[in-house]
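Chain and residue survey
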Amino acid sequence: MKPTDTANPDYFHQVVDCQWACPAHTDVPGYIRLIAQGRFDDAYMLNRKSNVFPAILGRVCDRPCEPACRRSRVEDKPVAICRLKRVAADNRGDIMDRLPTAPAKKNGKRVACIGAGCASLAVANDLIPLGYEIVMYEALDKPGGLMRTNIPAFRLPVDVLDEEINMILDMGVDLRLNTPVESMAALLEENYDAVFVGSGAPKGKNLEIPGRYDDEDHVHIGINWLESVAFGHIDSIGEKVLIIGVGNTAMDCCRTSLRLGAKDVKVMARKPRDFFKASDWELEDAEEENVEIVVNRQPKAFVIENGKLAGMTFDVMEYDVDKKGRITDTRMTGEEFFPADDVVLAIGQENAFPWVERDLGIEFDKWDVPVVDRTTHESTRKGVFFGGDAAFGPENIIWAVEHAHQSAISIHKHCLGEDVNNRLPDGMNLVSTKMGMHEWSYSNDYDPQERNIVPHVDLATRFRELDIEVELGFSAEQAAEEVERCLNCDIQTVFTEKLCIECDACIDICPVNCLTITQNGSEEHLRMRLNAPAENLEQGLYVSAELPQTARVMVKDEDLCVHCGLCAERCPTGPGICRNLACCIPTCLTRQSPTPRRKCASLGPEQRRKEQNKHRRVQVDRFLTGF
Amino acid sequence: MSYIRKPRIIHRGLARNDLGLTVRDYEGGMSTLCAGCGHDSVTGALVQAAFELSIPPHQMAKLSGIGCSSKTPAYFLQQSHGFNSVHGRMPSVATGANAVNGDLYYVGVSGDGDTLSIGLGQFMHAVRRNVNMLYLIENNGVYGLTKGQFSASADVGSRAKKGEENIQPPIDPCQTVIAQGGSFVARSFSGDKEQLVPLIKAGLAHRGFALIDIISPCVTFNDHEGSTKSYQFTRDHYHPAIHADYVPPSEEILAEYEEGAAMPVILHDGSTIVLRKADAAYDPTNRAKSLAMLQESQASAEIMTGVLYIDESKPEMHEVYQTTDDPLLDIDYGRLCPGSDKLAALQERFR
Ligand SMILES: Cc1cc2nc3c(=O)[nH]c(=O)nc-3n(C[C@H](O)[C@H](O)[C@H](O)COP(=O)(O)OP(=O)(O)OC[C@H]3O[C@@H](n4cnc5c(N)ncnc54)[C@H](O)[C@@H]3O)c2cc1C
Ligand SMILES: Cc1ncc(C[n+]2csc(CCOP(=O)(O)OP(=O)(O)O)c2C)c(N)n1
Ligand code: SF4
Ligand code: SF4
Ligand code: SF4
Ligand code: SF4
Ligand SMILES: [Mg+2]
């Protein structure tokens, strides 16, 4: 194999599994170390830089980082990354003077944001410090979008939501509540410098089966129903409730029903458990509350007796599943009736843009979804950007935030008259973590501690009010244990092959046998020839250049490295090979110091990129986090 | 040394041997040697060899004298028996231990100082008695533990860290042991586990005294330019003359070998070592030829490695003395210690 190009920031970044999996690339190991040091304010600010809503996300994030976490490859359970985020938020002091502010002198540009959900709010968060004026249109009488209307207060308390929304609004957003945008054409006529569409995916999917409209009062569309509950328009439900669908919305609907007086709540799933869309933890929380999940039942008809809903009939399904877990055959084996006083449909959402005229140059595809560039978020009309659920359909908060960061970059470039496609590459900065002979600037010992479980309010208490938060958050002791589980995947062992004397010390000390010195070969062969076979193809091999004494190569299987740094500690060749990686993810505030032109002109593309990386300076950290 | 212990995490893909153990079960305590010391690498090779042979850890005894090298038995096979003896006295302790229990694998780990200076007399007698053990010299040309004085294996002209030149001729343990009638003599290098691991396995399977002289650089006091025991010098002058493939008793020899260059030697326990020779004419069972080859290579500063001499027919100590095969520990106490009456009767015979 060719030597690994570690000058490409993606290489080391990918090793930080959680950060790589996080859509907004939150510096997880960084904030976990800050929590370990008791620096909660700093941990909060570091989070906020990437994900804007640490207290909210510390409770309800979809946490794509956790399934990716390296710890779950070394033992069963990942680090409780999300819950640690909440620890930072719960324990922080007053950070108000560290928040970004609007400059006294505005830049004279006006941007319209449609919707006041997390996507629009995060755009405002990024653009206001640059001097932009943000006009935010919201159809409802409160900001927050689905975070307020759909995520129930027993998962996300309203004061937590308000506090983080206000951090943005207080910078000075021209928020226009109860002001739905009813015509894009009219809005465009107001000559904004750019328009950001963050209107979400507001349409709940319907179920067109017999009887659907025969007792409309007792058949609800999940997201509308949750919204009515959140705004206090609905405060009760029948005793027997069926929830159709088994995604996260269904989980919120069933748990909300229990708090409104339902006694018997069943979640009806069409397929077996392995095919559920809901996250494991949401399922666990619902089952803890005695919600019954019934599998293999496909809705057939609503049964109406005397003009009133009596229940539903379902086809009983049977599936054949192959070894890879795919369904190969489907059969109906019978029919079953389930009584119900109310039915809640939680089978998905869609975008809907009835207010966007189709002759404005904003193209829609054959599913009537706007055509949006995946990187720039620009629509086919210059200056109109889409982000959050409005862009590519329903996702989650952290994706909405990332869309917002990218849209803000584009908007800024658009307003400066620059090409929105000419974006800064990701950068990185490696700093030695060696402090002394055996001292490292991080806690490198492996702690066999198992994942801590977040305490919950007991079942009797939690149903008393609709808004009693179920999760209590980690205690100080639990947090102190949990932080030590993090393996510090951003501590990289960097090979300095020209110094290597091939003494094998690093190979012998590696606790997980992931280092090998061997003859070079094809990737396939190398993977089998290592000290322990590198079978996880999703994880790279880090291959050195030829070693000076024997022309063999050093190979590291990134899969199971626990970043203990022992290899660096045992290496006799001086400065050590362990470095801390700071991934520099550009935002609209990132500046690049220009690479000396003359130097670059004579270089090939590969070397030019390396050269550019060397000269990149990222100023955004200091500005956004204040440390 | 490191300050944290190597954590106990087992790579899920890590192989298991016949006993169901992983290579990590054969490790020992945390090394306190300098980072990069060749001795740690020899430790790694021993761990690997014992794992591959599926040796039950309690069936092995590790013995050593004094020196950085002699500290290493603490770093492998934590669950084995061990004895850290006085400087240079390990051979007699090993001889004694072997006399009372011939059933264990004995591994003596020593240094060039421990063996060739203070312990030379003891060493030669263990060779002479053909004690059934594996004897490793972790040879770095210096007394590492006492800060780098030249040892008896330092080559003429080799320079110390501060520049002074060694003028005394070296003792070559391989030549010495072959001349003394040793039955298994090999040389290797800590930086070549591919060669070292099978040699250790063959040495453990050999019946009688198996010597492996392992060039094992001292990174702190003898790894500079001008040293003839540095990593660089060793790699530059290294000749894998005879490679040994170890084939356990239960396995067939599957690899195909070139005519003449390969020579299978069946060891006492039924295992085989296939010697692959760089020079087909070389006969490692011929004492005189071995000595001649070693002397030639010494003159041209080449380091010949691999199995240099082997004689599987030579009886080991128990056979020579016709002592009991059973470990004394397993012998009925009444038989082992017949009592004062029997002693008195015996003494009576000598009056
Ligand atoms: C029940 C449920 C539970 C969920 N739970 C989670 C969770 O636990 N974790 C998670 O990460 N994600 C969760 N999600 C998804 C998450 O809420 C959304 O992905 C996220 O809120 C999308 O943000 P957004 O800003 O794009 O849109 P939204 O939050 O939908 O905000 C859009 C806003 O635009 C307004 N609007 C719409 N049209 C117009 C118009 N024409 N003019 C003016 N205003 C308009 C709307 O009123 C709304 O306030 C959940 C979703 C649902 C339905
Ligand atoms: C009886 C006695 N004499 C001298 C010493 C001092 N001493 C300790 S280690 C050593 C030499 C060790 O050299 P070597 O065996 O080559 O081991 P290395 O440290 O090089 O591995 C000496 C002379 C001692 N410990 N005991
Ligand atoms: S162990 Fe820590 S740094 Fe590594 S993936 Fe998990 S949370 Fe991230
Ligand atoms: S840091 Fe080094 S020693 Fe530790 S697991 Fe990774 S490669 Fe192995
Ligand atoms: S410990 Fe250092 S010098 Fe020794 S093999 Fe590893 S990288 Fe090379
Ligand atoms: S002094 Fe030399 S022999 Fe001793 S531990 Fe250090 S490197 Fe090894
Ligand atoms: Mg020595």
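Residue numbers restart at each chain and count upward from 1, following the sequence in its written direction. Numbering of ligands from 1 and lettering of chains from A proceed in the order in which they are written. Where local features are concerned, this predicted model is filtered to residues with pLDDT of at least 70; where side-chain atom pairs are given and counted, the filter is 80 or more; whole-chain, interface and lining totals use all residues. Side-chain metrics in this entry use all non-hydrogen atoms of the structure; hydrogen atoms and water are not considered.

Some words on the pairing of strand β13 (residues 342–345) of chain A
Residue and element names in this part refer to chain A. Per-residue accessibility, obtained with a 1.4 Å probe over protein chains only, is compared with the maximum for each type, and a residue is labelled buried under 20%, exposed over 50%, and partly exposed between these values. Going along the chain from the N terminus, every DSSP run of H or I of four or more residues is numbered as a helix, and every run of E of two or more is numbered as a strand. Residues Asp-342 and Val-344 line one face of β13 and the alternating positions Val-343 and Leu-345 line the opposite face, and both faces are buried. Any two strands with at least two DSSP-identified bridges between them are counted as paired. Of the pairings in the sheet, the one linking strand β6 (residues 219–221) to β13 comprises three bridges and is parallel in character. Across the sheet, the residue bridging to His-220 is Val-344, located in β13. Alignment of strand β7 (residues 240–244) against β13, held across four bridges, turns out to be parallel. For Ile-243, the partnering residue across the bridge sits in β13 and is Val-344.

A look at the coordination of the magnesium ion (ligand 7)
Residue and element names in this part refer to chain B. For Na, K and Ca the donor cut-off is 3.2 Å, while for other metals it is 2.8 Å, and in both cases only N, O and S atoms qualify; water is not among them, so sites may look incomplete. Each protein donor to the magnesium ion (ligand 7) is listed here as Asp-112 (OD), Asn-140 (OD1) and Val-142 (O); together their distances run 2.1 to 2.2 Å. Between consecutive donors of the magnesium ion (ligand 7), the numbers of intervening residues give the motif D-x27-N-x1-V. Taken together, the residues span a long stretch of sequence, with Asp-112 in helix α4 (residues 112–118) and Val-142 in strand β5 (residues 142–143) at a distance of 30 residues. Accessibility classification places Asp-112 together with Val-142 in one group, the buried group.

Quick look at the side chain of Glu138(B)
All names here are of chain B. When you line up the elements, Glu-138 lands in strand β4 (residues 133–139). For the purpose of charge, His is not counted, nor are the chain termini; Lys and Arg are scored as positive and Asp and Glu as negative. Salt bridges are defined as contacts in which a side-chain nitrogen from Lys or Arg sits within 4 Å of a carboxyl oxygen from Asp or Glu. One buried charged side chain, Glu-138, makes no salt bridge at all; its nearest oppositely charged neighbour is Lys-71, positioned 11 Å away. Polar contacts involving the side chain of Glu-138 include one to the side chain of His-39, which spans 3.4 Å. For Glu-138, the residues in contact, after removing those within four places along its chain, are His-39, Val-42, Ser-69, Thr-72, Val-109, Ser-110, Gly-111, Asp-112, Ile-214 and Ser-216. Polar contacts, as counted here, are pairs of nitrogen or oxygen atoms within 3.5 Å of one another; within protein the pair requires one atom able to donate a hydrogen and one able to accept it, and residues that are adjacent in sequence qualify only if both atoms are side-chain atoms. Only heavy atoms matter for contacts: two residues are in contact if any of them lie within 4.5 Å across the pair.

Quick look at the sheet that holds strand β18 (residues 515–518) of chain A
Residue and element names in this part refer to chain A. Strand order in the open sheet made by the three strands is β18-β20-β19, with antiparallel pairing throughout. The sheet is open, and its two edges are formed by β18 and β19 (541–543), each paired on a single side. Each neighbouring strand pair of the sheet contributes to a mean axis angle of 25 degrees, computed without reference to strand direction. In the sheet, β19 pairs with strand β20 (residues 553–557) via three bridges, with the strands oriented antiparallel. In the strand pairing of β20, Leu-541 is matched with Asp-557. Angles here are taken between N-to-C directions and fall from 0 to 180 degrees, while the axes themselves are lines fitted to C-alpha atoms, restricted in helices to the stretch in contact.

Details of the site of ligand 2
All names here are of chain B. Residues in close proximity to ligand 2 total 17 residues, the closest being Ser-69, Asp-112, Gly-113, Asp-114 and Gly-144. In the model, an oxygen atom of ligand 2 is placed 2.8 Å from a nitrogen or oxygen of the Gly-113 main chain. The accessible surface values rely on the Shrake-Rupley method and a 1.4 Å probe; as for residues, cover is taken only from the protein chains in view. Coverage of ligand 2 by the protein chains reaches 74% of its 590 Å² of free accessible surface. Counting residues per element, the ones that place at least two in the shell around ligand 2 are α2 (68–71), α4 and β5. Among the elements that take part in the shell around ligand 2, α4 stands out by supplying four residues, more than any other. Only Asp, Glu, Lys and Arg are considered charged, only Ala, Val, Leu, Ile, Met, Phe, Trp, Tyr, Cys and Pro nonpolar, and every remaining residue, Gly among them, polar. Here the residues of the shell around ligand 2 sort into six nonpolar, nine polar and two charged. Only heavy atoms are used to decide nearness, and a residue is near a molecule or strand if one of them lies within 4 Å of it.

Description of the pairing of β18(A)
Residue and element names in this part refer to chain A. Of the two faces of β18, both are covered, the one formed by Leu-515 and Ile-517 as well as the one formed by Thr-516 and Thr-518. The sheet contact formed by β18 and β20 spans four bridges and is antiparallel. The residue of β20 that forms the bridge with Ile-517 is Met-554.

Considering the nonpolar core
Within soluble globular proteins, side chains that are nonpolar tend to cluster in buried spots. By nonpolar core is meant a set of buried Ala, Val, Leu, Ile, Met, Phe, Trp, Tyr and Cys residues that side-chain atoms within 4.5 Å join together. Ranked by internal contacts, the top residues of the largest apolar core, which has 70 residues, are Phe123(B), Phe184(B), Ile200(B), Ile212(B), Ile273(B) and Leu275(B). Those residues within four positions of Leu275(B) in sequence are excluded, and the remaining contacts are Ile242(B), His243(B), Ala244(B), Ala261(B), Ala262(B), Met263(B), Val265(B), Pro284(B), Val307(B) and Ile310(B). Of all hydrophobic cores here, the second largest spans 52 residues; its members include Leu57(A), Cys82(A), Ile168(A) and Ile411(A).

Describing the packing of helix α4 (residues 40–51) of chain A against helix α17 (residues 397–416) of chain A
Residue and element names in this part refer to chain A. For the pair α4 and α17, the least separation of the axes is 9 Å and the interaxial angle reads 70 degrees. When the interaxial angle is binned, α4 and α17 end up roughly perpendicular. For the pair formed by α4 and α17, the contact residues are Lys-49, Ser-50 and Asn-51 on the first element and Ile-398, Val-401 and His-405 on the second. Its residues assigned to classes, the contact of α4 with α17 shows two nonpolar, three polar and one charged. These descriptions rest on fixed angle ranges, namely under 35 degrees for roughly parallel, over 145 for roughly antiparallel, 65 to 115 for roughly perpendicular, and the rest for oblique.

Overview of a negative patch on the surface
Like-charged residues are merged into a patch within 9 Å and nonpolar side chains (Val, Leu, Ile, Met, Phe, Trp, Tyr) within 5 Å, provided each residue has over 30% relative accessible area and no salt bridge. Lysine's charge is taken at NZ, arginine's at CZ, aspartate's at CG and glutamate's at CD. Together, Asp103(B), Asp325(B), Asp326(B) and Asp330(B) make up a negatively charged patch on the protein surface. The residue Asp325(B) is located in the loop between α10 (317–321) and α11 (333–336) in this model.

Brief notes about the domain arrangement of chain A
Residue and element names in this part refer to chain A. Annotation of chain A at the domain level lists domain 1 (99–201 + 351–416) and domain 2 (204–348). All domain edges in this entry derive from an automatic or database-based domain assignment. The distance between the C-alpha centroids of domain 1 and domain 2 comes to 32 Å. The partner domain 2 presents ten residues to the eleven residues of domain 1 that form the contact. For the pair domain 1 and domain 2, the summed buried area comes to about 920 Å², and 57% of that belongs to carbon and sulfur atoms. If you look at where domain 1 meets domain 2, you find two salt bridges. For Asp-252, the salt bridge is made with Arg-155, and the minimal N-O distance between the two is 2.7 Å. Our enumeration of links across domain 1 and domain 2 arrives at three residue pairs in polar contact (both at pLDDT 80 or more). Considering only residue class, the side of domain 1 that touches domain 2 consists of five nonpolar, two polar and four charged. Here the quantity called buried area is the accessible surface, traced with a 1.4 Å probe, that two parts lose on coming together, added over both.

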